[in-house]
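Residue strings, one per chain:
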Amino acid sequence: MKKYDVVALGELLIDFTLNGNSNQGNPMFEANPGGAPCNVLSMLSKLGKKTAFIGKVGKDQFGAQLRKTIDECGIDSKYLLEDDVVHTTLAFVHTFPDGDREFSFYRNPGADMMLSENEIIDEMVDNTKIFHYGTLSMTHEGVRKATIRAIETAKKNGAIISLDPNLREPLWDSLDNAREQIKKAISYCDILKISDNEIQFLTGEEDYDKGISKLRSEYDIPLVCLTMGKDGSRAYYKDMRVEVTGFKQENVVDTTGAGDTFCGCVLNYVSENGLDSLNEDNLKEMLTFANAAASLVTTKKGAIKSMPEKEEVEALFKHIKNS
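No experiment lies behind these values; they were computed from the predicted model shown. (Residues numbered from 1 in each chain as written. Predicted model: local features only at pLDDT ≥ 70, side-chain atom pairs only at ≥ 80, totals over all residues. Heavy atoms only, no water.)

Engineer: Sorry if this is basic, but what is going on with the packing of helix α9 (residues 280-297) against helix α10 (residues 310-322) here?
Structural biologist: Helix-helix packing is described using two parameters, namely the angle between the two axes and the distance between the axes. For the pair α9 and α10, interaxial distance at closest approach is 9 Å and the crossing angle is 120°. On the basis of their axis angle, the class for α9 and α10 is oblique. Where α9 crosses over α10, the two elements pack in a sense that is right-handed. Facing Glu285, Thr288, Phe289, Ala292, Ala293, Ser295 and Leu296 of α9, the residues of α10 in contact are Glu312, Val313, Glu314, Leu316, Phe317 and Ile320. (Axes fitted to C-alpha atoms, helices over the stretch in contact; angles between N-to-C directions. Helix = DSSP H or I, 4+ residues; strand = E, 2+ residues; numbered from the N terminus. Parallel < 35°, antiparallel > 145°, perpendicular 65-115°, else oblique. Left-handed = near helix turned anticlockwise from the far one by under 90°. Contact = heavy atoms within 4.5 Å.)

Rendered as structure tokens:
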């Protein structure tokens, strides 16, 4: 028996999201805890799974806020390190009327980039069923070495390896390097959660099926989950391709974290059912539940603290299945 269901490594930061205007007409921002890997863990914790996070924040007020937040979410913070010099990474999220958004990062450098290879010890990753990571921890050499060390150690100890590339173009020195490093990250994974724009970026294919086929011909990935925003999601497993339409919420506020919520639900399903003998019904059930959860998180601002309760998702899941 493993101590953790899922351990994740990567960025933990503050997402400043627009929250109205001041009396002087200036935009006001709310300091929401964020970072894709911890968003995933937050959803998993809501679903009753044991989780832990590996990463680094600054020794500052935002770092303290983030540690307190993940502790409150039930995510083990014993492997959250602090940097004495470099401050916690910040991101300003500019939301559009349809709920979509763009990011402005204050990360040159940011504390999440300061995680080093020699800070990764076997204990961090040798006791988990699933190890999850993204590619923001591969944008720079030092943290990239730390990430690869953790992946290889987890794989050696029998963990299922999960990746969500979570492409953020402004954080890379070049798009060619981004493509190269994301493909390197993909070479390790057993589960790939990828968005529609990311598959186009990596393969140059406008047709998603062709893009996934090209990727799977190059890498042996047992399960690929493609998210398509409001249009739903697809799963590619062995020779199966399963698609489930999205559930549209009328009161979309912020789409930040929707993909991470989806990913958390997929990892929850795999942690309970394994990865070796899924069938079409399993995949449809997994995608429907994940789509339902992802739609619910878009009705709130932020991500880590906005994950839906298990009962909320189950109720919507049943409604979708019965409609």
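Engineer: I tried to follow the packing of helix α6 (residues 196-203) against helix α7 (residues 208-218) on my own but got confused; where do I start?
Structural biologist: Across the interface, α6 lies against α7 with an axial gap of 9 Å and an inter-helix angle of 55°. Between α6 and α7, the angle falls in the class oblique. Considering the relative orientation of α6 and α7, their crossing is left-handed. Facing Asp196, Ile199, Gln200 and Thr203 of α6, the residues of α7 in contact are Tyr208, Gly211, Ile212, Lys214 and Leu215. Of the residues that constitute the contact of α6 with α7, the class distribution is 4 nonpolar, 3 polar and 2 charged. (Nonpolar A, V, L, I, M, F, W, Y, C, P; charged D, E, K, R; others polar.)

Engineer: What am I meant to see in the pairing of strand β14 (residues 240-244) here?
Structural biologist: Covered by surrounding structure in β14 are Met240, Val242 and Val244 only, the residues Arg241 and Glu243 on the alternate face being uncovered. Inspection of the sheet shows strand β13 (residues 233-237) paired to β14 by 5 bridges, in the antiparallel sense. The residue bridging Arg234 from the neighbouring strand is Glu243, located in β14. As consecutive antiparallel partners, β13 and β14 are separated by 2 residues, and within that stretch Lys238 has a phi angle of approximately 55°, a positive value. (Buried < 20%, exposed > 50% of the residue type's maximum accessible area, 1.4 Å probe, protein only. Pairing = 2+ DSSP bridges.)

Engineer: Help me understand the pairing of strand β2 (residues 13-21), please; the structure alone is not making it clear to me.
Structural biologist: Put simply, side chains in a regular strand alternate between the two faces of the sheet. Here β2 pairs with strand β3 (residues 27-34) via 7 bridges, running antiparallel. Across the sheet, the residue bridging to Leu18 is Phe29, located in β3. Remark: 5 residues form the turn of the hairpin made by β2 and β3, two consecutive strands paired antiparallel; Gly25 in that turn has positive phi of roughly 85°. Pairing of β2 with strand β7 (residues 90-95), which is carried by 4 bridges, proceeds in the parallel orientation. Its bridge partner lying in β7, Thr17 is registered against Val93.

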